Amino acid sequence: MFIKLTNASSPFQGKPFIIIKDIIVSVFETEIEQPVTPSDDNVVELPYKEKVTAVFCGTVGTWHVKETVEEIYKLLEVV
């Protein structure tokens, strides 16, 4: 079975993706640093930190997503 999540990592931020439920090992909150989008007004902006949810999938790696831990648990039917 699959679940649909929303990517939180640059450059694919906001893009949906599908992940297999059975490969998910753990789900937890974390912070990632997001780059700033370039602007034309000569203003220097620094990268910023954003709270996201990490979905760890063992040897496949970790995905950073917009959904909360609770939302993912509901999708996994763990709650």
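Starting afresh in each chain, residues are numbered from 1 along the sequence in its written order. It should be noted that, the model being predicted, local features are given only for residues of pLDDT at least 70 and side-chain atom pairs only at 80 or more, the latter also being counted only at that level, while totals for whole chains, interfaces and linings use all residues. The side-chain numbers reported here are obtained from all heavy atoms of the structure, hydrogens and water having been left aside.

**A word on the pattern of salt bridges**
This is how the line gets drawn: Salt bridge, as used here: a side-chain nitrogen of Lys or Arg that lies within 4 Å of a carboxyl oxygen of Asp or Glu. Helix numbering and strand numbering both begin at the N terminus, where a helix is a DSSP run of H or I of at least 4 residues and a strand a DSSP run of E of at least 2. In this scheme, a residue with accessible area under 20% of its type's maximum is buried, one over 50% is exposed, and one in between is partly exposed, where area comes from a 1.4 Å probe on protein chains only.
On inspection of all chains with the given rule, the structure shows one salt bridge. A salt bridge links Lys66 to Glu50, with the nearest nitrogen and oxygen atoms 2.8 Å apart. Of this pair, Lys66 sits in the loop between β5 (62–65) and α1 (69–76) while Glu50 sits in strand β4 (residues 48–56), and the two are 16 residues apart along the sequence. Of the residues examined, Lys66 reaches a relative accessible area of 38% and is grouped as partly exposed.

**A few points about the nonpolar core**
What counts is decided by this rule: Side-chain atoms within 4.5 Å link the members of a nonpolar core, which is a set of buried Ala, Val, Leu, Ile, Met, Phe, Trp, Tyr and Cys residues. In what follows, a contact means two residues having at least one pair of non-hydrogen atoms within 4.5 Å.
Judged by nonpolar contacts, Ile3, Leu5, Phe17, Ile19, Ile24, Val27, Val55, Cys57, Val65, Val69, Ile72 and Leu76 together constitute the single largest core of twelve residues. Those elements that place two or more of their residues in this core are β1 (2–6), β2 (16–20) and α1. In contact with Leu5, not counting residues within four places along its chain, are Lys15, Pro16, Phe17, Ile19, Val55, Val65, Glu67, Ile72 and Leu75.

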